[in-house]
Amino acid sequence: MLEKVKTIAEHIKKTVSFNPEVGIILGSGLGGLVKEIEVTKELNYADIPGFPVSTVKGHGSKLIFGKLNGVNVVAMQGRFHYYEGYSMQEVILPVRVMKFLGIKTLILSNASGGVNPAYKVGDLMILDDHINLMGTNPLIGKNEDELGPRFPDMGEPYDKTLIEKAKKIATAHGFVCHTGVYAAVTGPTFETRAEYKYIKYIGADCVGMSTVPENIAARHMGLPVFAISIITDLGGSDHPEVITHEEVLKVANAAEQKMTVIIKELIKE
Ligand code: HPA
């Protein structure tokens, strides 16, 4: 795994000769942030030897190198989800590659279902913790000691300083922005009513199908992480509406401008 990561990182370095400071992974329907990047170079996943290829609608499938608000970034437009059939190793491979490209901070975005009754469709939620309900962990297997410890501490999965800064930015713009706990499930099914009830009961505020594996891989390597969700739907018996991927993408697209503003200003700081 490690050799593969290093080979891919070397290949990318030779191809783009660019030093990213921040890595960004964009979630479903949230690719619009890339419009704000002054692009130096784009690499399709298909043109990176060893890289998986994205399969889901609403994802762009490329690595974008450039400046966002004056800061060198590498953005992943389209992530790899476990439900697509990728192994956990493949899901987290880009995070490890980004680390070898030199990033110092990782920013993650996603679309998620609101569980906290106070949340409304289109709201933002900054992650300050998570619950891994995926039934697996990307670090299972031989530990890569060069990357991080066998038993990584997860006391601060999301960087407190970045959370505080992002909250101030959101308030300054008058955005509704919660801070809460993200529960990660594998999908691809949305939750049953009983599952929603359970997820709420165990203390989660929203639920989604990504982000946690990438967070774990990043924290294993000591990378600070900031993550933000757009609440695209509400589940449970109070909300009998049928959830569709199309609706999730529509709401994400409508709300992403707020998220873009927060990430842009956060990066600057
Ligand atoms: N559940 C799980 N994942 C999701 C949801 C949801 O309601 N909405 C967007 N991603």
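Everything below is about the structure printed above this text.
Residues numbered from 1 in each chain as written. Predicted model: local features only at pLDDT ≥ 70, side-chain atom pairs only at ≥ 80, totals over all residues. Heavy atoms only, no water.

What about the overall build of the protein chain?
Right, so step 1: Along the protein chain, the regular secondary structure elements total six helices and nine strands.
Right, so step 2: The C-alpha atoms of the protein chain give a radius of gyration of 17 Å, which matches the 18 Å a tight globule of 269 residues would have.
Right, so step 3: Nonlocal contacts in the protein chain, meaning residues at least 24 apart in sequence, comprise 83% of its contacts between residues at least 6 apart.
Right, so step 4: Per element, the accessible surface of the protein chain, about 11,600 Å² overall, is 52% carbon and sulfur.
Right, so step 5: Of the side chains in the protein chain, 28 bear a positive and 31 a negative charge, and the two mean positions are spaced by 3 Å. (Helix = DSSP H or I, 4+ residues; strand = E, 2+ residues; numbered from the N terminus. Rg over C-alpha atoms; globule rule 2.2 N^0.38 Å. Contact = heavy atoms within 4.5 Å. Areas by Shrake-Rupley, 256 points an atom, 1.4 Å probe, with all protein chains shown as cover. Lys, Arg positive; Asp, Glu negative; His and termini not counted. Charge placed at Lys NZ, Arg CZ, Asp CG, Glu CD.)

Comments concerning the nonpolar core
Right, so step 1: I12, I24, L63 and L106 are the most contacted members of the largest nonpolar core, which has 81 residues in total.
Right, so step 2: Ignoring any residue separated from it by four or fewer positions in sequence, one finds L63 in contact with I12, K41, E42, L43, Y45, I48, F51, V74, A75, M76 and M98.
Right, so step 3: A183, A204, V207 and V248 belong to the second-largest nonpolar core, a separate cluster that totals twelve residues. (Core = buried A, V, L, I, M, F, W, Y, C linked by side-chain atoms within 4.5 Å. Buried < 20%, exposed > 50% of the residue type's maximum accessible area, 1.4 Å probe, protein only.)

A look at helix α6 (residues 245-268)
Right, so step 1: Helix length check: α6 (24 residues) gives 33 Å between terminal C-alpha atoms against 34 Å at 1.5 Å per residue, within 8%.
Right, so step 2: Helix geometry: α6 is bent most strongly at A255, by close to 45 degrees. (Expected span 1.5 Å × (residues − 1). Bend = angle between axes of the 7 residues up to and from the residue.)

Section: the site of the ligand
Right, so step 1: Around the ligand lies a shell formed by A111, S112, G113, F190, E191, Y196, V207, G208, M209, T232, D233 and V248.
Right, so step 2: Here a nitrogen atom of the ligand sits 3.4 Å away from a polar atom, N or O, in the main chain of A111.
Right, so step 3: For the ligand, the protein covers 96% of the area, taking 260 Å² as the surface of the free molecule.
Right, so step 4: The set of elements that each furnish at least two residues to the shell around the ligand consists of β5 (105-114), β8 (206-208) and β9 (225-234).
Right, so step 5: No other element matches β5, which puts three residues into the shell around the ligand. (Near = heavy atom within 4 Å. Polar contact = N/O pair within 3.5 Å; in protein donor to acceptor, adjacent residues only side chain to side chain.)

Considering the side chain of N215
Right, so step 1: Locating N215 in the fold gives a position in helix α5 (residues 212-220).
Right, so step 2: A relative accessible area of 0% means that N215 is categorised as buried.
Right, so step 3: Contact partners of N215, with chain neighbours within four places excluded, come to L108, H130, M154, P157, Y158 and V225.

Some points on the packing of aromatic side chains
Right, so step 1: Within this structure, the stated rule accounts for five aromatic pairs.
Right, so step 2: When the centroid spacing of 5.2 Å and the interplanar angle of 50 degrees are considered together, the rings of Y45 and F80 count as tilted. Here F80 lies in the loop between β4 (71-77) and α2 (88-101) and Y45 lies in the loop between β2 (38-44) and β3 (62-68), a separation of 35 residues in the sequence.
Right, so step 3: Since its relative accessible area comes to 1%, Y45 is described here as buried.
Right, so step 4: Residue classification places F80 among the buried residues on the basis of a relative accessible area of 1%. (Phe/Tyr/Trp six-rings, centres within 6.5 Å; stacked < 30°, edge-to-face > 60°.)

Regarding the packing of helix α3 (residues 160-173) against α6
Right, so step 1: Two numbers describe how α3 lies on α6: the axes approach to 9 Å, and their chain directions differ by 125 degrees. Accordingly, the angle class assigned to the pair α3 and α6 is oblique. Relative to α6, the crossing made by α3 is right-handed. Between α3 and α6, the residues in contact are L162, K165, A166, I169, A170 and H173 and V261, I262, E265 and L266, respectively.
Right, so step 2: Here the residues of the contact of α3 with α6 sort into seven nonpolar, one polar and two charged. (Axes fitted to C-alpha atoms, helices over the stretch in contact; angles between N-to-C directions. Parallel < 35°, antiparallel > 145°, perpendicular 65-115°, else oblique. Left-handed = near helix turned anticlockwise from the far one by under 90°. Nonpolar A, V, L, I, M, F, W, Y, C, P; charged D, E, K, R; others polar.)

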